[in-house]
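Listed here are the chains, written in short residue letters.
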Amino acid sequence: MSSQQEYILVTGGAGYIGSHTVVELVNSGQNVVIVDSLVNSSYDAVARVEFLTQTAIPFFDIDIRDSEKLSEVFKQYKIKGVVHFASLKAVGESTQIPLSYYDNNVNGTISLLNVMKENKVKSIVFSSSATVYGDVTRFGDNSMIPIPENCPSDPTNPYGRSKFMIESILKDIHSSDESNWKVAILRYFNPIGAHPSGLIGEDPLGTPNNLLPYLAQVAIGRREKLSIFGNDYASHDGTPIRDYIHVVDLAKGHIAALGYLAKNTGGLYREWNLGTGKGSTVFDVYHAFSKAVGKELPYEVVARRAGDVLDLTANPARANKELEWKAELSIEQACADLWKWTVQNPTGFKVEGYEWKKFE
Ligand code: NAD
Ligand code: WQD
């Protein structure tokens, strides 16, 4: 550690999107310090990021709600900005244990913001979600598809509401001190894929909730078949449409947002969609992944999943223009990278009889 050097603090940096973003941050020349409670990740991800980047990355196993411990990190490292991923993220679980979601996500962010304020760090990139828009078909026509950032928010579950609350808190603190707080709200659509090295990827605990992690476990023999939740939607093949974005493209969006904040002399609050602008159905993704694996994977069509909507496709024009960022990678590439990660790590980060050591 050097007291002269400036660092980007990454909360949740051991997680799926966080770990990929740390790689891009280090590759773009930033010093990074990670804080993660490991509630939904393992230290192995950090060790692998260190190996990939050949860089030692300070890591603190801290819950961001622990303001005292978090404050010590700010005292030890000169933090110039924060990329804030730390959050619980399972929509279904959030309806079962909403208080835990509000406590972890909203109180966690308030704790982080207090510590940032005390330490005069007022630059933050926040992981929001397309889920804040809710069901955009409520407008009765297709006027909000693809979804622009000015589409009114109406999240339909506690997880989404926790994201909307945090966006509101960030907007309020910016309003209270407009010349100083720089806030970038990044609304991610559906992140998929893995690092092309096959060293880091998504490693869900328990049964995967999301389409591609589930399909990958079918392909590697950990699950019998994919359940496709309904084929009676108004799409070309009856399955819902999403904007699937390669996690490496998404990670690069954070570098672009930090660059935008850095070159802006005053304070700012701004939302950007991070998506491709291209919608794909469940069957489109199923076929792309089957092609990557080299065989048709078993599936059955079952009833619709509660809460699913027909179409969540981004209009990414604002990010394309203002952040000078554009998603470049196809779903085919994401599927190939996911399959590489899955084959190399059939049981995820934990490898029997091998422990990743901290890079020195
Ligand atoms: P993830 O669960 O893999 O990563 C989140 C990380 O935060 C984990 O490593 C977890 O251990 C850590 N964490 C959670 N609560 C914490 C706390 N109180 N203190 C410290 N660390 C804590 O999830 P991800 O997919 O990488 O998502 C990252 C962010 O992006 C989250 O904020 C999520 O809500 C948001 N997001 C994700 C998706 C998606 O589909 N993956 C889509 C939109 C938005
Ligand atoms: C995609 C499509 C399912 C699983 C979620 C969150 C959202 C955001 C991204 C965090 C849907 C279908 C899925 C399966 C299926 N996360 N599907 N069988 O629901 O679009 O978005 O992740 O912010 O908030 O809600 O993603 O991957 O769960 O589903 O048929 O086993 O795949 O019906 O059409 P979703 P998903």
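(A) Highlighting the sheet that holds strand β4 (residues 78–84). Spatial ordering of the open sheet is given by β3-β2-β1-β4-β5-β6-β11, a layout of 7 strands whose pairing is parallel. Edge strands, defined here as strands with exactly one partner in the open sheet, are β3 (59–60) and β11 (268–274). Pairing of strand β5 (residues 123–129) with strand β6 (residues 182–188), which is carried by 7 bridges, proceeds in the parallel orientation. When the bridges of β6 are listed, Ser 128 appears paired with Arg 187. Across the face of the sheet, helix α8 (residues 247–263) comes into contact with β1 (6–11), β4, β5, β6 and β11 while running at roughly 160° to β6.

(B) Region of interest: unusual backbone geometry. For the bond running from Ile 145 to Pro 146, omega is 0°, close enough to zero to count as cis. Tracing the sequence through the fold places Pro 146 in the loop between β5 and α6 (158–176). Within the chain, Gln 54 stands out as a residue other than glycine whose phi angle is a positive 55°. As for its placement among the helices and strands, Gln 54 is situated in the loop between α2 (43–53) and β3. For Gln 54, a relative accessible area of 48% gives the class partly exposed. At Glu 324, a position not held by glycine, the phi torsion is positive, near 55°. The exposure class of Glu 324 is exposed, given its relative accessible area of 65%.

(C) How the structure looks around the site of ligand 2. Within the structure, ligand 2 sits among 18 residues, and Ser 129, Tyr 159, Ser 227, Arg 242 and Asp 308 are positioned closest to it. In the model, an oxygen atom of ligand 2 is placed 2.7 Å from a nitrogen or oxygen of the Ser 129 side chain. Leu 211 has a polar backbone atom sitting 2.8 Å from an oxygen atom of ligand 2. Across the complex, the protein chains shield 87% of the 680 Å² of accessible surface that ligand 2 would expose by itself. Here the element with the most residues in the shell around ligand 2 is strand β8 (residues 226–229); it accounts for 4 residues. Residue classes in the shell around ligand 2 are distributed as 9 nonpolar, 6 polar and 3 charged.

Here is what the cut-offs are and how they apply
- Residues numbered from 1 in each chain as written.
- Chains lettered and ligands numbered in written order.
- Predicted model: local features only at pLDDT ≥ 70, side-chain atom pairs only at ≥ 80, totals over all residues.
- Heavy atoms only, no water.
- Pairing = 2+ DSSP bridges.
- Helix = DSSP H or I, 4+ residues; strand = E, 2+ residues; numbered from the N terminus.
- Contact = heavy atoms within 4.5 Å.
- Axes fitted to C-alpha atoms, helices over the stretch in contact; angles between N-to-C directions.
- Buried < 20%, exposed > 50% of the residue type's maximum accessible area, 1.4 Å probe, protein only.
- Near = heavy atom within 4 Å.
- Polar contact = N/O pair within 3.5 Å; in protein donor to acceptor, adjacent residues only side chain to side chain.
- Areas by Shrake-Rupley, 256 points an atom, 1.4 Å probe, with all protein chains shown as cover.
- Nonpolar A, V, L, I, M, F, W, Y, C, P; charged D, E, K, R; others polar.

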